[in-house]
Each structure stands twice: as structure tokens, then as C-alpha cells.
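Here are the chains, one letter per residue:
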Number of protein chains: 2
Amino acid sequence: MHARFYAPDAHATGDVVSLPDDEAEHLTRVLRLKVGERVIVFNGRGQAFDAAVESARRRAVQVRIGRASEAAPEARVAITLVQAVLKGDKMDDVVRDAVMVGVTAIQPIVSTRTEVSRASVERSRRQERWQRIAVSSAKQCGRAVVPVILDPQPFDALGGLLDQRRLPSPALMLVEPAARVDALSLKELGGSTPKEASLLTGPEGGWTPDEVRIAAPWCRFVTLGGRTLRGDAMALVAVAALFAKWNEY
Amino acid sequence: MHARFYAPDAHATGDVVSLPDDEAEHLTRVLRLKVGERVIVFNGRGQAFDAAVESARRRAVQVRIGRASEAAPEARVAITLVQAVLKGDKMDDVVRDAVMVGVTAIQPIVSTRTEVSRASVERSRRQERWQRIAVSSAKQCGRAVVPVILDPQPFDALGGLLDQRRLPSPALMLVEPAARVDALSLKELGGSTPKEASLLTGPEGGWTPDEVRIAAPWCRFVTLGGRTLRGDAMALVAVAALFAKWNEY
């Protein structure tokens, strides 16, 4: 199995394209590949190709695009994970895991109990960092699609984003057993498999009662068993469970 | 919400019981609780109680058992996770996550690609360590049951353990998309919800072709979508998906 690299400019056999800096470094410094060696590249939008290293100097690598190559299939249901930003490394782990399991996009939101302010999320370039993690996870799990990390938003913007279809409906808000909200189990959720959906997962400490109230006109509340899930595990458990319900597995 | 402690001797209202050393330290040194304070204790076998601190000195804590208290419900399907031992902290994470999501027992196995020998697993008291992690995870997720960590076994013992019903059937072996084994998706698995099941999840690098061949008489092979899951995420994804299929969620 050849190493996989993200090459956003790859789209046609025969082209010679440059790799982004991070990818070039991975190729030259970590894997120490030389001119002529075979690799696989994917453009992040669903196409993958066999390729060969055409030139390789530290952060300047070009590859020649060969034949189309197979990548891991995308999920039949396009789930946008709407994740309340978690502390430190935990949000990184959620992004990594969500990409691995197969979400289509990630919308970070700053909710009341998020312990990071929106200004701080923007100042610290966390969005760029999460996007790099998404690339890295796509490389490992075999996808040719890199899920987009959307601009972080405050919780209050959610209704508008759903109304404007900038986030897909139906929107399912995961609530904890302790939340005492009138929530449905997945089997009670019923219905056919949608083409797309938003899944809202909360911060450590969960949603506030106000947030639940604000979300009610747009969201259906769902719960997963009676055991309390860690904040950084909710998205993975919920996406896996929804994929099973929606015939992805 | 009062703090939860593991008190294996708790079984009747009115009794005064000692906490294990680790739990006593957690109560006195981390949470700094004093005599008279209210706590919740669970005995690891399904019972939880309100309780009050009766005496508290470092590693010597006694609690007086009060009324029965509610705990998180156990899953309707008792899944034994048969997990090939993963490197270092990753196995710790799998134990923690599997307990959180709701498995009933964990059977560590040493497979060909496990990078730890069985002798080393036994020598290093890893089983005790995993059992402590199971206690800690049960405390956090609200369960009154502490899943048992079974004695580590070599892969070749699996058939015998299943034949002797020391591991429950049906046994489902999770295989990777790259394994090219004739595996079923969950929807192809069909059938009714079992009372119990074994779920076999492999090491980094997956099962060897020999292991797949050896397992064939006992196991059904299942696969979860076409994306490659990390070794330390397989159990969580698979249990969540099986719970969704089996109407637990």
C-alpha cells in the first residue's frame, strides 16, 4: 500500500502538481521518499490518483498524476457534526474521530458552557489547526474527501444557519440522560433515511436549559442509552449509531 | 449530584462498609470529603445506594449505606468485548471507552500482531490496571456494574472459550475494509436481537489471514463501512453501531 498525500490541485491524469508544504515535508522528511517513487494522492473533493514523485526538495514536492485510484467510499448520509468546542486536545480528538468515522463537515460552535470564548477560537487559529487535523485523519482512514471545518459560530446563530440551509436538516440534538429533556431514542426517531442531517453534540457539562429551549423549534432531541458519555466521545458514538440506524453499516 | 464511589461490600441499607484503598484516597485526598457528607456508592454488581461518610482517614474510609439509589441502566444486550491487546495507553483508552458505552465484560487476547507478549501482559499486571480503569470509568458514566476484565488469553484459545460458553455466542469478528474477507454489513447480518454476544476487535494492523481462517468456524465476519478505523476506536464504533442495530438506542 503506497503512502497517501493530500494534493488539492490534483484533478487530471498527466498533470504535474505541487503538494502543500505540510504534505511535502511529510513526504521528504518523515517518509524520505525519492524522485520516481509511487504514491497515492487525493484532492480532498473525492478524487484519488496513483502518482509518482516528480521532484522532491524539503517543502517543494511535485508529483505526476497517474490513473484514478479507489478511495474509501463516502457515507450515504452526509452528516454535518455541529460540535460545541471542547477544551484543548479534546476538540482535536473529536475532529480526528469524526473525520475517520465519516462525517461530511464539522461546524464548531461556542455554547454557554464552552470553556473557550469565540474570540479566542478565532485568535488562536484553531480552525486552521482543525482543518489540518481533518486532512491528516482523511489520509489515515482512506477517504478522498477532506471534510470542511466551517467558521466557528455562536450557539445563537444555529437557528438562522438551519433556516438558511447553511446547515442541513433534520437537525438532531444529542442530550444527556441527566438533562431531563423529553428526548427520543433512535428507535423512536423512526422514519426513512435522510440524504443529509445535522448532529449537535454539546460541551463538557452539556447544553444549558436555555440552549435546549432555543433549539427546540429547529431540533429533535435524541438520547443514547442511559449511560453518561464523555464529551469527547459523544460525536463518535452518535455518528456510529446513526450510521447503523440509517443503513450505512 | 453527589460523588460516586465503588464499594464492593455494599449490599444492604444500614450496613457500614469500608471503601477500597483507591476509593478511600479519592474521597479523602482528591475530593476532601468529611465525616457526615453524602455520597453515592455502587457495588459493581448492579446495586447503588445513597450513603454517608462514617469515618475518613486517608486510606481508611467507612460509609454508612442508606437507601437504594438509581444507576444508569445496563444494556439489554450483554456484549463481551474480545479485544486484541493494543500498545500502551491505547488499550487503557479502549477499556475506558468500552465500559462507558456499556459492554458487560472485556476479554483481552494476545493475537499475532499484538505487539505485547502474553507473558509481558501477565508480568506487568496489566489486567489489574485495566480493572482499575473499568472501575474509574463506571464511576464516571453512572453505571452500578463494573465490567469484569477476564484473564488475558492467546488467540488460539478463542474457539474453546466459545465452545465452552465461557464467551457468549453469537461471536462477531470485526474485519477491516482492507482485509478482503467475505464480511457482512450490519444490515446483512439480519436476525433478531440476541441476549448476549461476543465482539472481536483486532490489533493495530488487523487480524492475520491465519487468524481469520481459525476464527471462521466460530465467528461471523462483519465490517463497518469502507473507511479504515483506528485500532483504538474500533470497539467504541462497533459497540455503538451494534447497540443501534439491536434497539438499545
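Residues numbered from 1 in each chain as written. Chains lettered and ligands numbered in written order. Predicted model: local features only at pLDDT ≥ 70, side-chain atom pairs only at ≥ 80, totals over all residues.

**Q** Where do I start with the overall build of chain A in this structure?
**A** In terms of helices and strands, chain A carries 8 helices and 12 strands. By its C-alpha atoms, chain A is 60 × 40 × 35 Å across when sized along the principal axes. The buried share of chain A, taken over its 249 residues, is 48%. A fraction of 74% describes how many contacts in chain A between residues 6 or more apart in sequence connect residues 24 or more apart. (Helix = DSSP H or I, 4+ residues; strand = E, 2+ residues; numbered from the N terminus. Buried ≥ 20, exposed ≤ 12 C-beta atoms within 10 Å, placed from the backbone. Contact = placed C-beta atoms within 7 Å.)

**Q** Where do I start with the domain arrangement of chain A in this structure?
**A** Per the domain assignment, the segments making up chain A are domain 1 (4-69) and domain 2 (78-245). Measuring from the centre of the C-alpha atoms in domain 1 of chain A to the corresponding centre in domain 2 of chain A gives 32 Å. (Domains from an automatic or database assignment.)

**Q** Honestly, the sheet that holds strand E4 (residues 48-57) of chain B in this entry has me stumped. Any pointers?
**A** Residues and elements named next belong to chain B. Spatially, 5 strands are ordered E1-E3-E4-E5-E2 in an open sheet, and the strand pairing comes out mixed. Edge positions in the sheet fall to strand E1 (4-6) and strand E2 (16-18), since each has one partner strand and no second. Recorded for the sheet is a direction-independent mean angle of 45° between the axes of neighbouring strands. As paired strands, E2 and strand E5 (residues 60-69) are joined by 3 bridges and run antiparallel to one another. By the bridge assignment, serine 18 is partnered in E5 with glutamine 62. Of the strands in this sheet, E1, E4 and E5 are in contact with helix H1 (residues 21-30), which crosses E5 at around 90°. (Pairing = 2+ DSSP bridges. Axes fitted to C-alpha atoms, helices over the stretch in contact; angles between N-to-C directions.)

**Q** Help me out: how do you make sense of the pairing of strand E7 (residues 105-110) of chain A in this one?
**A** Walk down a regular strand and you will see the side chains alternate between the two sheet faces. Residue and element names in this part refer to chain A. Of all the 6 residues making up E7, 6 are buried; the element is thus mostly covered by neighbouring parts of the structure. Neither face of E7 is open: one carries Ala105, Gln107 and Ile109, the other Ile106, Pro108 and Val110, and all of them are buried. With respect to chirality, the unit in which strand E6 (residues 78-84) leads through helix H2 (residues 88-101) into the neighbouring parallel E7 is right-handed. Sheet topology note: the E7/strand E8 (residues 148-149) ladder contains 2 bridges and is parallel. By the bridge assignment for E8, alanine 105 is matched with valine 148. (Right-handed = clockwise from strand over helix to strand, strands pointing away.)

**Q** How should I be thinking about the packing of H2 of chain A against helix H4 (residues 126-141) of chain A in this particular structure?
**A** The relative placement of two packed helices is expressed as an angle between their axes plus a distance between the axes. Residue and element names in this part refer to chain A. Contact geometry for H2 and H4: axes closest at 8 Å, N-to-C directions at 40°. With respect to their mutual orientation, H2 and H4 come out oblique. At the point where H2 passes H4, the crossing takes the right-handed sense. Every residue of H4 that contacts H2 at Asp92, Val95, Arg96, Val99 and Met100 is listed here: Trp130, Ile133, Ala134, Ser137, Ala138 and Cys141. Of the residues assigned to the contact of H2 with H4, the class counts are 8 nonpolar, 1 polar and 2 charged. (Parallel < 35°, antiparallel > 145°, perpendicular 65-115°, else oblique. Left-handed = near helix turned anticlockwise from the far one by under 90°. Nonpolar A, V, L, I, M, F, W, Y, C, P; charged D, E, K, R; others polar.)

**Q** I'm lost on the packing of helix H2 (residues 88-101) of chain B against helix H8 (residues 231-245) of chain B in this one. Help?
**A** Residues and elements named next belong to chain B. Across the interface, H2 lies against H8 with an axial gap of 8 Å and an inter-helix angle of 10°. Put simply, H2 runs roughly parallel to H8. Touching Lys90, Asp93, Val94, Asp97, Ala98 and Val101 of H2 are Gly231, Asp232, Ala235, Leu236, Val239 and Ala240, all from H8. For the contact of H2 with H8, the residue count by class is 7 nonpolar, 1 polar and 4 charged.

**Q** What's the story with the relation of the copies chain A and chain B in this structure? I'm lost.
**A** The transform that puts chain A on chain B rotates by 180° and translates by 0.0 Å along the axis, for an RMSD of 0.0 Å. A rotation of that kind, with that shift, is consistent with a two-fold axis. Taking C-alpha positions as reference, the residue of chain A nearest the rotation axis is alanine 241 of chain A, located at 2.3 Å. A share of 100% of interface residues in chain A that are also interface residues in chain B marks the association as one of identical surfaces. (Least-squares fit on C-alpha atoms with pLDDT ≥ 70 in both.)

**Q** Is there a simple way to think about the sheet that holds strand E2 (residues 16-18) of chain A in this case?
**A** Two orientations exist for strands paired in a sheet by backbone hydrogen bonds: parallel and antiparallel. Residue and element names in this part refer to chain A. Reading across the sheet, the 5 strands line up as E1-E3-E4-E5-E2 and stay open at both edges, with mixed pairing between neighbours. Each edge of the open sheet is held by one strand with a lone partner, namely strand E1 (4-6) and E2. Pairs of neighbouring strands in the sheet enclose a mean axial angle of 45°, with direction left out of account. Looking at chain direction, strand E3 (residues 38-42) and strand E4 (residues 48-57) are connected through 5 bridges and run antiparallel. The residue bridging isoleucine 40 from the neighbouring strand is aspartate 50, located in E4. Each of E1, E4 and strand E5 (60-69) touches helix H1 (residues 21-30); the most contacted strand, E5, lies at about 90° to it.

**Q** In this structure, what is going on with the nonpolar core? I would like to understand it.
**A** Nonpolar side chains in soluble globular proteins tend to end up buried together. Core analysis: the biggest nonpolar cluster contains 178 residues, and Val239 and Ala241 of chain A together with Val239 and Ala241 of chain B have the highest contact counts within it. Sequence-distant contacts of alanine 241 of chain A, defined by excluding residues within four places in its chain, comprise Leu186 and Leu224 of chain A together with Ala240, Ala241, Phe243, Ala244 and Tyr249 of chain B. (Core = buried A, V, L, I, M, F, W, Y, C linked by C-beta atoms within 7 Å.)

**Q** Looking at this structure, I do not really get unusual backbone geometry. What am I missing?
**A** Peptide bonds are mostly trans, and most non-glycine residues show a negative phi. With an omega dihedral of 5°, the bond running from serine 169 of chain A to proline 170 of chain A counts as a cis peptide bond. Inspection of the secondary structure puts proline 170 of chain A in the loop between helix H5 (158-163) and strand E10 (171-174). Although it is not a glycine, asparagine 247 of chain A adopts a positive phi angle of roughly 65°. Structurally, the position occupied by asparagine 247 of chain A is in the segment after helix H8 (234-245). Within the chain, arginine 125 of chain B stands out as a residue other than glycine whose phi angle is a positive 55°. Positionally, arginine 125 of chain B belongs in the loop between helix H3 (118-123) and helix H4 (126-141).

**Q** Help me out: how do you make sense of H2 of chain B in this one?
**A** One turn of the α-helix equals 3.6 residues, which is why residues spaced by three or four share an orientation. Those residues of H2 of chain B that fall on the buried side of the exposure criterion are Met91, Val94, Val95, Arg96, Asp97, Ala98, Val99, Met100 and Val101 of chain B. Buried residues along H2 of chain B sit in contact with H8 of chain A together with strand E6 (78-84), strand E7 (105-110), H4 and H8 of chain B. Remark: glycine 102 of chain B follows H2 of chain B within two positions and exhibits a positive phi of approximately 120°.

**Q** Can you help me understand the environment of aspartate 15 of chain B in this one?
**A** Residues and elements named next belong to chain B. Mapped onto the elements of the fold, aspartate 15 is located in the loop between E1 and E2. For aspartate 15, a count of 15 C-beta atoms within 10 Å gives the class partly exposed. Separated by 234 residues in sequence, aspartate 15 and tyrosine 249 place their C-alpha atoms 36 Å apart. In this view, aspartate 15 contacts Ala10 and Ile65; residues no more than four positions away in its chain are not counted.

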